[in-house]
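Chain by chain, the residues run as shown.
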Amino acid sequence: MDKVTQNAINALRVLSAEAVTQANSGHPGLPLGAAPIAYTLFTRALKHCPKNPSFVNRDRFVLSAGHGSALLYSMLHLIGYDVVKEDLMHFRQLQSKTPGHPEYGHTPGVEVSTGPLGQGIANAVGFALAESMLAARFNKEDAKLVDHYTYALCGDGCMEEGIEYEAASLAGTWGLGKLIVLYDSNDISIEGNIGIAFRDDVGKRHEAQGWQVLRVENGEDVDAIEAAIKLAKSDTKHPSLIIVKTTIGFGSPKAGTADVHGSPLSAEEIKQTKKALGYTAKPFEAPADVYAHYAAITEELNKNEAEWNRTVKAYKAAYPEEYELFTQFIRDKDPSDEDLAVLYDLFGKKAEATRNTSGTVLNKLSDIMPNLVGGSADLAPSNKSYLKDKGDYSAEDRTGRNLHFGIREHAMAAICNGLILHGGLRSFCATFFVFSDYMKAAMRMSALMNLNQIYVCTHDSIGVGEDGPTHQPVEQLVGLRAIPGLKVFRPCDGRETAAAYISAVTGKGPTCIVASRQNLPPIKGSGEDALYGGYIVSDCEGETPELILMASGSEVELALKAKEALGKNTVRVVSMPCMELFDRQTQKYRDSVLPAACRARVAIEAGSSYSWGKYVGLDGAYVCIDTFGSSAPAEQLFEIYGFNVENVVNVSKKVLTRFAKLEASKDNPLANLTNSEEE
């Protein structure tokens, strides 16, 4: 290796370690050990364009080991992205361009937010999957619009996570030959040598999962790393794993130990590291010849987009209609209001399970949105998520729009995140609601990245019935409603289901549509107002109700029946399919639905009561379930757990009686209560 190349690699090491030390926070071990891998990738393998990080046909890079973010930021800085020296100096500081873990949409060149180990590899599978689907849809023999690779850099921790096993299995099954994972194998984790907890033969496992496995025994040998990457690219039928043996914290006094994994080097240790590497540049600087070296590489990289533009020009001339559709895919324009309005008209007077109405809407959307793809965790016949006449994706047929994820919920959700992040496709994924627990970590990342991901979760309550409490969601609504930015829709009928999907495809951020197994009747007055999140589905006489019954999903019908049984014209029924959307409305609108003057309120939902406190207040009541269910027919369970008209009426009467006594009291505590909340 020539001196300039060695210094270029050492610049990555030192800049990264200095950033961590200056922040007094971070992980210097991976950047010091894996710098030759990053150098080889970004200078000799990756097709990218530093002056335009969103260049459509770029290779994608995912730092699955997101704790090594300092290495990525140093690489982006040196190779010509909009990451300057001052950004490195403000590593992990408030509002800096260089946060502790890579964040999508925050730093130029960062393709995906990573940090939860293993998810990055699943995201990379999603990127490679998207590339293969778009290539099959648009490429011609004489003009390939979509032709790029996906690379991921991971560590021992990623390989220990269950999601990596799931994602690797799918990548092998699907034959994603343009996926290349480089494994920074240094045998060290936070607790010490990984042998205390992890002795898998990672290579043999991936071979068994259908991968090509290559090895580089010396992580300092960039020529060997480059040769391995070229060999990986030559096999387009199998994903490739390149196991690179490295030394964590290379060059530092703590090299090869767990101490350098997640603890900054001291100022003195930085000096010793630079001395050991023969590196003499000032802090946060590189030698002039290193800057010149990278600048020359950057100049060549920036030609990638111009070369692709020539391909695009020829494609447009030869295939104008296909080109127009391709641009629609890439621009990802929302469907028109006119197209979406027809979704409300799909349903008549027939009682249907909302899992069925979800399937109806999903299939209609797949006609309206030709870039919509997705699938289920081996449950499509049950959760009605199969796209009819749209084909099945496989290693043999890349044109299918139905994805069969097998029973791999966590990987499924993270792969779908990668699909969306790649660009050009919209995605959905489906499972039983109780198994949303398995994919919650990836759902959280969807929300963190503000992705328009659609999660379809059916079999939503004790209404699951005979399968029993293992399959009956109770606390899941609360858990998902607690995720910032995730919209959780629990529709009461087909028209609310249509509204849920319309919100999902036109709004920002992910949406979870929670659907019933049992049939639900169409509700008079339901539909478009569900886009407000909560609305009056049956009103009272006068401006202020005496009692408000609030419900979501299957319990909206119960609330309406309870109102009828109460025989009062002073009762208002509110459907609350999506609390998150309701909370985003103006104070004026929210007060019009839930006026402060009416404190007699009852929440009705076949799930945990915890979500409802902000609407029920101190004086209302709940008809909810805060225990696990039982194994029995659904009809019996709803009776046993109090989801019947008689119980709702009794609870409502108790609330009304309590308020009547308070009003009659001379020392009425409600007399001085006002709504002090400002708009």
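Residues numbered from 1 in each chain as written. Predicted model: local features only at pLDDT ≥ 70, side-chain atom pairs only at ≥ 80, totals over all residues. Heavy atoms only, no water.

## Points about the overall build of the chain
Okay, step 1: Along the chain, the regular secondary structure elements total 26 helices and 20 strands.
Okay, step 2: The C-alpha radius of gyration computed for the chain amounts to 28 Å, which stays within 12% of the reference 26 Å derived for 679 residues, consistent with globular compactness.
Okay, step 3: Overall, the chain is about 90 × 60 × 45 Å in size when its C-alpha atoms are taken along their principal axes.
Okay, step 4: The burial tally for the chain puts 60% of its 679 residues in the buried class.
Okay, step 5: Looking at the chain alone, contacts between residues at least 24 apart form 76% of all its contacts between residues at least 6 apart. (Helix = DSSP H or I, 4+ residues; strand = E, 2+ residues; numbered from the N terminus. Rg over C-alpha atoms; globule rule 2.2 N^0.38 Å. Buried < 20%, exposed > 50% of the residue type's maximum accessible area, 1.4 Å probe, protein only. Contact = heavy atoms within 4.5 Å.)

## Concerning the sheet that holds strand β18 (residues 571-575)
Okay, step 1: Strand order in the open sheet formed by 5 strands is β16-β18-β17-β19-β20, with mixed pairing between adjacent strands. This sheet does not close on itself; its edge strands, each paired only once, are β16 (535-538) and β20 (621-623). Here the strands of the sheet are splayed against their neighbours by 30 degrees on average, with no regard to which way each runs.
Okay, step 2: Bridge count between β16 and β18: 3 bridges; the pairing is antiparallel. When the bridges of β18 are listed, Ile536 appears paired with Val574. (Pairing = 2+ DSSP bridges. Axes fitted to C-alpha atoms, helices over the stretch in contact; angles between N-to-C directions.)

## A look at the side chain of Glu269
Okay, step 1: With respect to the helices, strands and loops of the structure, Glu269 is situated in helix α10 (residues 267-277).
Okay, step 2: The exposure class of Glu269 is buried, given its relative accessible area of 17%.
Okay, step 3: Excluding residues that lie within four positions of it along the chain, Glu269 makes contacts with Pro253, Lys254 and Pro264.

## Description of the state of the cysteines
Okay, step 1: The tally for this structure, following the rule as stated, stands at 0 disulfides.
Okay, step 2: This cysteine, Cys158, is not joined by any disulfide, and Cys154 carries the nearest cysteine sulfur, 5.1 Å off.
Okay, step 3: Here Cys540 stays unpaired: no disulfide links it, and the sulfur of Cys598, its closest cysteine neighbor, is 8.0 Å away. (Disulfide = S-S within 2.5 Å.)

## Quick notes on the packing of aromatic side chains
Okay, step 1: By the definition in use, this model includes 17 aromatic pairs.
Okay, step 2: Consider the rings of Tyr532 and Tyr589, whose centres lie 4.8 Å apart with planes at 25 degrees: the pair is stacked. Remark: Tyr589 occurs in helix α23 (residues 587-593) and Tyr532 occurs in the loop between β15 (519-520) and β16; sequence separation between them is 57 residues.
Okay, step 3: On the accessibility criterion, Tyr532 (37% relative accessible area) is partly exposed.
Okay, step 4: Grouping aromatic residues by their ring pairs yields a cluster made of Tyr532, Phe582, Tyr589, Trp612 and Tyr615.
Okay, step 5: The ring of Tyr319 has Lys140 lying over it, and the distance from NZ or CZ to the ring centre is 5.2 Å.
Okay, step 6: Across the ring face of Tyr149, the terminal group of Lys178 is positioned such that the distance to the ring centre comes to 5.3 Å. (Phe/Tyr/Trp six-rings, centres within 6.5 Å; stacked < 30°, edge-to-face > 60°. Lys NZ or Arg CZ within 6 Å of the ring centre and 35° of its normal.)

## Let's talk about the nonpolar core
Okay, step 1: Residues Leu129, Trp174, Leu176, Leu179, Ile415 and Leu419 are the most contacted members of the largest nonpolar core, which totals 80 residues.
Okay, step 2: The element that contributes the greatest number of residues to this core is helix α5 (residues 119-138), accounting for 12 residues.
Okay, step 3: If near-sequence neighbours (up to four positions away) are discounted, Leu419 is found in contact with Gly126, Phe127, Leu129, Ala130, Met133, Val373, Leu403, Leu425 and Ser427.
Okay, step 4: Of all hydrophobic cores here, the second largest spans 75 residues; its members include Leu340, Ala530, Ala621 and Phe643. (Core = buried A, V, L, I, M, F, W, Y, C linked by side-chain atoms within 4.5 Å.)

## Focus on the side chain of Arg601
Okay, step 1: Inspection of the secondary structure assignment puts Arg601 in strand β19 (residues 601-604).
Okay, step 2: Despite its burial, Arg601 pairs with no opposite charge, the nearest such side chain being Asp591 at 6.7 Å.
Okay, step 3: A polar atom in the side chain of Arg601 sits 3.3 Å from the backbone oxygen of Leu594.
Okay, step 4: Once residues within four sequence positions are removed from consideration, Arg601 is found in contact with Leu547, Ile548, Met550, Leu594, Pro595, Ala596, Tyr615, Val616, Gly620, Ala621 and Val655. (Lys, Arg positive; Asp, Glu negative; His and termini not counted. Salt bridge = Lys/Arg side-chain N within 4 Å of Asp/Glu carboxyl O. Polar contact = N/O pair within 3.5 Å; in protein donor to acceptor, adjacent residues only side chain to side chain.)

## Description of the pairing of strand β1 (residues 60-63)
Okay, step 1: By the alternation rule, side chains of β1 split into Arg60 and Val62 and Phe61 and Leu63, which are all buried.
Okay, step 2: Sheet topology note: the β1/strand β2 (residues 150-155) ladder contains 4 bridges and is parallel. Residue pairing across strands places Phe61 opposite Tyr151, the latter belonging to β2.

## Side note on the packing of helix α2 (residues 29-45) against helix α9 (residues 222-234)
Okay, step 1: For the pair α2 and α9, the least separation of the axes is 9 Å and the interaxial angle reads 55 degrees. Between α2 and α9, the angle is such that the two are oblique. Handedness of the α2/α9 crossing: right-handed. Facing α2, whose interface residues are Pro36, Ile37, Tyr39, Thr40, Leu41, Arg44 and Ala45, α9 presents Val222, Asp223, Ile225, Glu226, Ile229 and Lys233.
Okay, step 2: Here the contact of α2 with α9 is built from residues that sort into 8 nonpolar, 1 polar and 4 charged. (Parallel < 35°, antiparallel > 145°, perpendicular 65-115°, else oblique. Left-handed = near helix turned anticlockwise from the far one by under 90°. Nonpolar A, V, L, I, M, F, W, Y, C, P; charged D, E, K, R; others polar.)

## Some details on unusual backbone geometry
Okay, step 1: Here Asn24, not a glycine, exhibits a phi torsion of approximately 55 degrees, which is positive.
Okay, step 2: Mapped onto the elements of the fold, Asn24 is located in the loop between α1 (3-23) and α2.
Okay, step 3: Although it is not a glycine, Gln95 adopts a positive phi angle of roughly 60 degrees.
Okay, step 4: Within the fold, Gln95 resides in the loop between α4 (85-89) and α5.

## A short note on a negative patch on the surface
Okay, step 1: A contiguous patch of negative charge on the surface is contributed by Glu160, Glu161, Asp200, Asp201 and Glu207.
Okay, step 2: Residue classification places Glu207 among the partly exposed residues on the basis of a relative accessible area of 42%. (Patch = residues over 30% accessible without salt bridge, like charges linked within 9 Å, V, L, I, M, F, W, Y side chains within 5 Å. Areas by Shrake-Rupley, 256 points an atom, 1.4 Å probe, with all protein chains shown as cover. Charge placed at Lys NZ, Arg CZ, Asp CG, Glu CD.)

## Points about the pairing of strand β6 (residues 212-216)
Okay, step 1: Counting buried residues along β6, 4 of its 5 residues qualify, which places the element largely inside the surrounding structure.
Okay, step 2: Each parallel crossover has a hand, and the one from β6 via α9 to strand β7 (residues 240-245) is right-handed. (Right-handed = clockwise from strand over helix to strand, strands pointing away.)

## Quick word on the sheet that holds β7
Okay, step 1: An order of β1-β2-β3-β7-β6 is seen for the 5 strands of this open sheet, with the pairing classed as parallel. Among the strands making up the open sheet, the edge pair consists of β1 and β6. The mean inter-strand angle of the sheet, taken between neighbouring strand axes irrespective of direction, is 20 degrees.
Okay, step 2: Here 5 bridges tie β6 to β7, and the two strands are oriented parallel to one another.

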